[in-house]
Amino acid sequence: MTEANPYPSEWLRGVLALAVQRFLAAGPTYGYAIAVGLEEAGFGTIKGGTLYPLLARLEEAGLVTTEWRAGDGGPGRKYYALTAQGRAAFEADARSWTEFAHRVVDFVATTPSTSGGPS
Amino acid sequence: MNTTRHSHYTALERRWVDDVTRELAIRGASGRAIGEALAIVDAHCAESGQEAEQAFGPAADYAGSVHLRASDTEAHSLAAQVRAAWPSLLGLAGMLLAFRCIDAYQTSSAVPIRWGDLIGLVGIIALSVAAVRWIGVLIHHPVLSWVVGTALFTGVIGLQIVTTAEIARVPLPGAAIGAGLALVGSGIWGTLAGPEVDVVRDPRPGAPAPRAMRAFGLVTNWLFLILTLLAGSVFLFVPKG
């Protein structure tokens, strides 16, 4: 864990695809904007070598479409957009994740008894 | 630190671009896939102001993380490489037959077709396909590759020389026509069906299309005919013995 990455990387690995899809649910955008948005949302710094392969896998799975667009004075940007299948998958995964997260919070928030394992 | 920018991917260091290109080529990525991978990093670094190594890690790590689809590596599959080798096999056969024709013309005899020639043809094409297929081994282990490659090549040529048993003797006019057809056919086949020279292509709008390699591809497809004409003209006009 570092200041740039406040949570263990294995936690992030589990949730990164969902977080990226959540970002794309707001509309088509490009890689750097996603990286900045995730950082601002508190996920820490996401390396390009992690983010773009993930986006490529989402594209291959048919959850995302891509399009190169001309940049404003700079090089072109590759825009990513959720497909209808991607949106449906995101909504289903978001529901499952929320349920899972509540279970985790409920479980870890409960003070364990000091008597040990199940009787 | 002194860094040299790449002339096209201007947000990136030239060395990092070269390393990624090489590593992806070793993985069998097409020029289109390599261009796409580099354009993504270039666009990201131009916006973030970061160096590629900082944002994407070492070149080899990034190249290893690039997600390649089946279509990105199809041109480097064994089937595609064997398909691409057929025109070369025909051209090499035509060149060899043409040289045999010149020899037969100078000695006023029929043209011998030997088993050794078949071994040489197939062996050289097989070594060429193997070299392309295991390009990563060649790059990462150059000395070992050179030793093994030279030994195999010498073995093939040695077998070709010592295997003098003849399959047939063909009259000179027929053999000469066959050689000409094979050489021209190889060039046409390579031009029509052979793979275009695979160069790195930037997919971004407005990026210049790579053009310089077209002439190279054209020359490569007609290489056996060009070599035969050059070498043949030397052999033909140099008195034998």
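Residues numbered from 1 in each chain as written. Chains lettered and ligands numbered in written order. Predicted model: local features only at pLDDT ≥ 70, side-chain atom pairs only at ≥ 80, totals over all residues. Heavy atoms only, no water.

Peer 1: Honestly, the packing of helix α6 (residues 78-107) of chain B against helix α10 (residues 172-193) of chain B in this entry has me stumped. Any pointers?
Peer 2: Each pair of packed helices gets described by two things: the angle between the helix axes and the distance between those axes. Residue and element names in this part refer to chain B. Running from amino to carboxyl end, α6 crosses α10 at an angle of 155°, the nearest separation of the two axes being 8 Å. Taken together, α6 and α10 sit at an angle that is classed as roughly antiparallel. Crossing hand, α6 versus α10: left-handed. In this structure, α6 uses Trp 86, Pro 87, Leu 90, Gly 91, Gly 94, Met 95, Leu 97, Ala 98, Cys 101, Ala 104 and Tyr 105 to contact α10, whose residues at the interface are Leu 172, Ala 175, Ala 176, Gly 178, Ala 179, Ala 182, Leu 183, Gly 185, Ser 186, Trp 189 and Gly 190. (Axes fitted to C-alpha atoms, helices over the stretch in contact; angles between N-to-C directions. Helix = DSSP H or I, 4+ residues; strand = E, 2+ residues; numbered from the N terminus. Parallel < 35°, antiparallel > 145°, perpendicular 65-115°, else oblique. Left-handed = near helix turned anticlockwise from the far one by under 90°. Contact = heavy atoms within 4.5 Å.)

Peer 1: Help me out: how do you make sense of the environment of Val66(B) in this one?
Peer 2: Residues and elements named next belong to chain B. Tracing the sequence through the fold places Val 66 in the loop between α4 (59-65) and α5 (70-73). Here Val 66 falls in the buried class, since its relative accessible area comes to 12%. Separated by 32 residues in sequence, Val 66 and Ile 34 place their C-alpha atoms 9.2 Å apart. With residues up to four places along the chain from it excluded, the contact list for Val 66 reads Leu 24, Arg 27 and Ala 37. (Buried < 20%, exposed > 50% of the residue type's maximum accessible area, 1.4 Å probe, protein only.)

Peer 1: In this structure, what is going on with the sheet that holds strand β1 (residues 29-30) of chain A? I would like to understand it.
Peer 2: Working definition: the strands of a sheet are paired by backbone hydrogen bonds and lie parallel or antiparallel to each other. All names here are of chain A. The three strands are arranged β1-β3-β2 in an open sheet whose pairing can be described as antiparallel. Only two strands of the sheet have a single neighbouring strand rather than two, namely β1 and β2 (64-69). Here β1 runs beside strand β3 (residues 77-82); their pairing, made up of two bridges, is antiparallel. By the bridge assignment for β3, Tyr 30 is matched with Tyr 79. (Pairing = 2+ DSSP bridges.)

Peer 1: For this particular structure, what's the right way to read the packing of helix α7 (residues 115-133) of chain B against helix α9 (residues 142-162) of chain B?
Peer 2: Residues and elements named next belong to chain B. The geometry of α7 relative to α9 is characterised by a closest axis approach of 7 Å and an angle of 165° between their N-to-C directions. The orientation of α7 with respect to α9, classified from their angle, is roughly antiparallel. In the crossing of α7 with α9, the sense of the turn from one axis to the other is left-handed. Where α7 abuts α9, its residues Gly 116, Asp 117, Ile 119, Gly 120, Gly 123, Ile 124 and Leu 127 lie against Leu 152, Phe 153, Val 156, Ile 157, Leu 159 and Gln 160. Partitioned by chemical class, the residues of the contact of α7 with α9 number eight nonpolar, four polar and one charged. (Nonpolar A, V, L, I, M, F, W, Y, C, P; charged D, E, K, R; others polar.)

Peer 1: What am I meant to see in a nonpolar patch on the surface here?
Peer 2: Residue and element names in this part refer to chain A. Side chains of Trp 97, Phe 100, Val 104, Phe 107 and Val 108 sit close together on the surface and give an oily, nonpolar patch of about 540 Å² of accessible area. Relative to the helices and strands, Phe 107 resides in helix α4 (residues 84-109). Among the residues examined, Phe 107 registers a relative accessible area of 66% and is labelled exposed. (Patch = residues over 30% accessible without salt bridge, like charges linked within 9 Å, V, L, I, M, F, W, Y side chains within 5 Å. Areas by Shrake-Rupley, 256 points an atom, 1.4 Å probe, with all protein chains shown as cover. Salt bridge = Lys/Arg side-chain N within 4 Å of Asp/Glu carboxyl O.)

Peer 1: Hey, could you run me through the environment of Ala231(B) in this one?
Peer 2: Within the fold, Ala231(B) resides in helix α12 (residues 223-237). Along the primary structure Ala231(B) and Met95(B) are separated by 136 residues, whereas in three dimensions their C-alpha atoms are 9.6 Å apart.

Peer 1: Any chance you could explain α12(B) here in plain terms?
Peer 2: In an α-helix, one turn spans 3.6 residues, which is why side chains three or four residues apart end up on the same side. Residue and element names in this part refer to chain B. For α12, built from 15 residues, the straight-helix expectation of 21 Å at 1.5 Å per residue is met to within 8% by its first-to-last C-alpha distance of 21 Å. Among the residues of α12, Phe 224, Thr 228 and Gly 232 are the ones counted as buried. Tucked inside the fold, the buried residues of α12 contact α6 and α10. (Expected span 1.5 Å × (residues − 1).)

Peer 1: Just checking my understanding: could you explain the packing of aromatic side chains for this structure?
Peer 2: Any two aromatic rings considered together are summarised by their centre-to-centre distance and by the angle between their planes. One pass over the full model with this rule turns up six aromatic pairs over all chains. Between Tyr52(A) and Phe56(B), the aromatic rings sit 5.6 Å apart at their centres with planes inclined by 20°, giving stacked as the arrangement. Here Tyr52(A) is found in helix α3 (residues 48-60), whereas its partner Phe56(B) is found in helix α3 (residues 52-56) on a different chain. Both residues of the pair, Tyr52(A) and Phe56(B), count as buried. (Phe/Tyr/Trp six-rings, centres within 6.5 Å; stacked < 30°, edge-to-face > 60°.)

Peer 1: Would you take a moment to explain the interface of chain A and chain B for this structure?
Peer 2: In many reports, interface size means the accessible area that the parts give up when they come together. Each side of the interface is counted separately: chain A has 20 residues, and chain B has 21 residues. With both sides pooled, the region where chain A packs onto chain B buries about 1700 Å², and carbon together with sulfur makes up 62% of that total. On the chain A side of the interface with chain B, the three residues burying the most area are Tyr32(A), Tyr52(A) and Trp68(A), jointly 35% of the side's total. The tally of links between chain A and chain B comes to three salt bridges. Arg77(A) is the partner of Glu47(B) in a salt bridge, and the nearest nitrogen-oxygen pair spans 2.5 Å. For the interface between chain A and chain B, the tally reads six residue pairs in polar contact (both at pLDDT 80 or more). Within the residue set of the side of chain A that touches chain B, elements represented by two or more residues are α2 (31-43), α3, β2 and β3 of chain A. Classifying every residue of the side of chain A that touches chain B gives 10 nonpolar, three polar and seven charged. (Buried area = accessible area lost by both parts, 1.4 Å probe. Polar contact = N/O pair within 3.5 Å; in protein donor to acceptor, adjacent residues only side chain to side chain.)

Peer 1: Mind showing me how you'd approach the confidence of the model for chain A here?
Peer 2: In low-pLDDT segments, the atomic positions of the prediction should not be examined closely. Per-residue confidence for chain A averages 87 on the pLDDT scale, and 89% of its residues sit at or above 70. Looking over chain A, one finds the lowest element-wise mean pLDDT in helix α1 (residues 9-24) of chain A, namely 90, and the highest in β3(A), namely 95. (pLDDT = per-residue confidence, 0-100.)

Peer 1: Please explain α9(B) as it appears in this structure.
Peer 2: Residues and elements named next belong to chain B. Helix length check: α9 (21 residues) gives 30 Å between terminal C-alpha atoms against 30 Å at 1.5 Å per residue, within 8%. Here α9 has its buried residues at Ser 145, Val 156 and Gln 160. Buried residues of α9, viewed axially, fall in a sector of 40°; they line one side. With respect to the buried face of α9, the exposed residues turned more than 90 degrees away are Val 143, Leu 144, Ile 161 and Val 162. Where α9 is buried, its residues contact α6, α7 and α8 (135-140). (Arc of directions from axis to C-beta.)

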